[in-house]
Amino acid sequence: KQEVTQIPAALSVPEGENLVLNCSFTDSAIYNLQWFRQDPGKGLTSLLLIQSSQREQTSGRLNASLDKSSGRSTLYIAASQPGDSATYLCAVTSGNTPLVFGKGTRLSVIA
Amino acid sequence: GAVVSQHPSWVICKSGTSVKIECRSLDFQATTMFWYRQFPKQSLMLMATSNEGSKATYEQGVEKDKFLINHASLTLSTLTVTSAHPEDSSFYICSALFPGGKSEQYFGPGTRLTVT
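The notes below deal with the structure included here. (Residues numbered from 1 in each chain as written. Chains lettered and ligands numbered in written order. Predicted model: local features only at pLDDT ≥ 70, side-chain atom pairs only at ≥ 80, totals over all residues. Heavy atoms only, no water.)

1. Side note on the state of the cysteines
All names here are of chain A.
Stage number 1. Under the criterion given, the structure shown has two disulfides over all chains.
Stage number 2. Paired by a disulfide, Cys23 and Cys90 hold their sulfur atoms 2.0 Å apart. Between Cys23 and Cys90 the sulfur-sulfur dihedral comes to about -60°; the bridge is accordingly left-handed. Highlighted residues: Cys23 in strand E3 (residues 19-25) and Cys90 in strand E9 (residues 86-93), separated in sequence by 67 residues. Each of the two residues, Cys23 as well as Cys90, counts as buried. (Disulfide = S-S within 2.5 Å. Helix = DSSP H or I, 4+ residues; strand = E, 2+ residues; numbered from the N terminus. Buried < 20%, exposed > 50% of the residue type's maximum accessible area, 1.4 Å probe, protein only.)

2. Digging into the pattern of salt bridges
Residues and elements named next belong to chain B.
Stage number 1. Here the structure, examined in full by the defined rule, presents four salt bridges over all chains.
Stage number 2. As a salt-bridge pair, Arg24 and Glu22 come within 3.5 Å of each other at their nearest N and O atoms.
Stage number 3. We note a salt bridge from Asp88 to Lys66, for which the minimum N-O separation is 2.9 Å. In this pair, Asp88 is assigned in the loop between strand E8 (76-81) and strand E9 (90-97) and Lys66 in the loop between strand E6 (57-58) and strand E7 (67-73), connecting sequence segments 22 residues apart. Each member of the pair Asp88 and Lys66 is classed as buried. (Salt bridge = Lys/Arg side-chain N within 4 Å of Asp/Glu carboxyl O.)

3. A look at the nonpolar core
Stage number 1. Within the largest apolar cluster, 25 residues are counted, with the highest numbers of intra-cluster contacts made by Val4, Trp35, Leu79, Tyr92 and Leu113 of chain B.
Stage number 2. When sequence neighbours within four positions are dropped, the list of residues in contact with Tyr92 of chain B reads Gln6, Ile21, Tyr36, Arg37, Met47, Phe67, Leu79, Gly110, Thr111 and Leu113 of chain B.
Stage number 3. Listed in part, the 22 residues of the second largest apolar core include Leu19, Cys23, Leu66 and Ala86 of chain A. (Core = buried A, V, L, I, M, F, W, Y, C linked by side-chain atoms within 4.5 Å. Contact = heavy atoms within 4.5 Å.)

4. Examining the layout of surface pockets
Stage number 1. One number sums up the size of the largest pocket: a volume of about 890 Å³.
Stage number 2. Along the walls of the largest pocket sit 33 residues, with Lys1 of chain A together with Leu44, Met45, Leu46 and Glu59 of chain B positioned nearest its centre.
Stage number 3. At the level of secondary structure, the elements contributing two or more residues to the lining of the largest pocket comprise E9 and strand E10 (100-101) of chain A together with strand E5 (44-51) of chain B.
Stage number 4. Per-element accounting of the lining of the largest pocket gives the leading share, four residues, to E5 of chain B.
Stage number 5. Of the residues assigned to the lining of the largest pocket, the class counts are 15 nonpolar, nine polar and nine charged.
Stage number 6. The space that makes up the second largest pocket amounts to roughly 510 Å³.
Stage number 7. Lining the second largest pocket are 22 residues, and of these Thr87 and Arg106 of chain A together with Gln38, Lys41 and Gln42 of chain B lie nearest its centre. (1 Å grid on protein atoms, 1.4 Å probe; cavity = no way out; pocket = protein on both sides within 12 Å on 5 of 7 lines; lining within 4 Å. Points joined across faces, edges and corners; volume = space filled by probe spheres on them. Nonpolar A, V, L, I, M, F, W, Y, C, P; charged D, E, K, R; others polar.)

Take a look at the structure:
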């Protein structure tokens, strides 16, 4: 059974810092991995999707990497801003199947 | 990008009544949609997989007679919470599988259900 773990559970950083969020999964037979952002009381916003054949994806200040063989992914946020404060969720799927989510990392960026 | 809507965004109902939540893919057709439940400060828990034209597949521990799912068209899935109780109060989120082979899911904004 696939399990997804995210470390740290919570993170607080001053504005401007670069930071890394970690995600690991137990079954490397994934089809893709997605990173989401969730604001309190809101739905999920897809940030980046990495196919199993890809190593990384970039969107603006965000960069996600994938090491499928070791079951790890990282989300790198450059020059963090207070507006980046949210919960970041990592999820994997093995195909047209439901996503398996980690418990998320709650990020606070302090101005 | 692809948009998924949910209606209502929040609802308050009395114990014993039924509530219907709609999930729509606005600009694409989705043969598969998923329903999740989220408790405060917890991650998403899959409730069921909704397939257009067929019965939903429920996760272990989810009562199919209590959480009725109907995927009547390629753009609409509904979740009906029957005989709601206070313990059903939660945040319900749906997602739709985008066609094209990437297995990419787009999520609705969620529905906050409060049962009094």
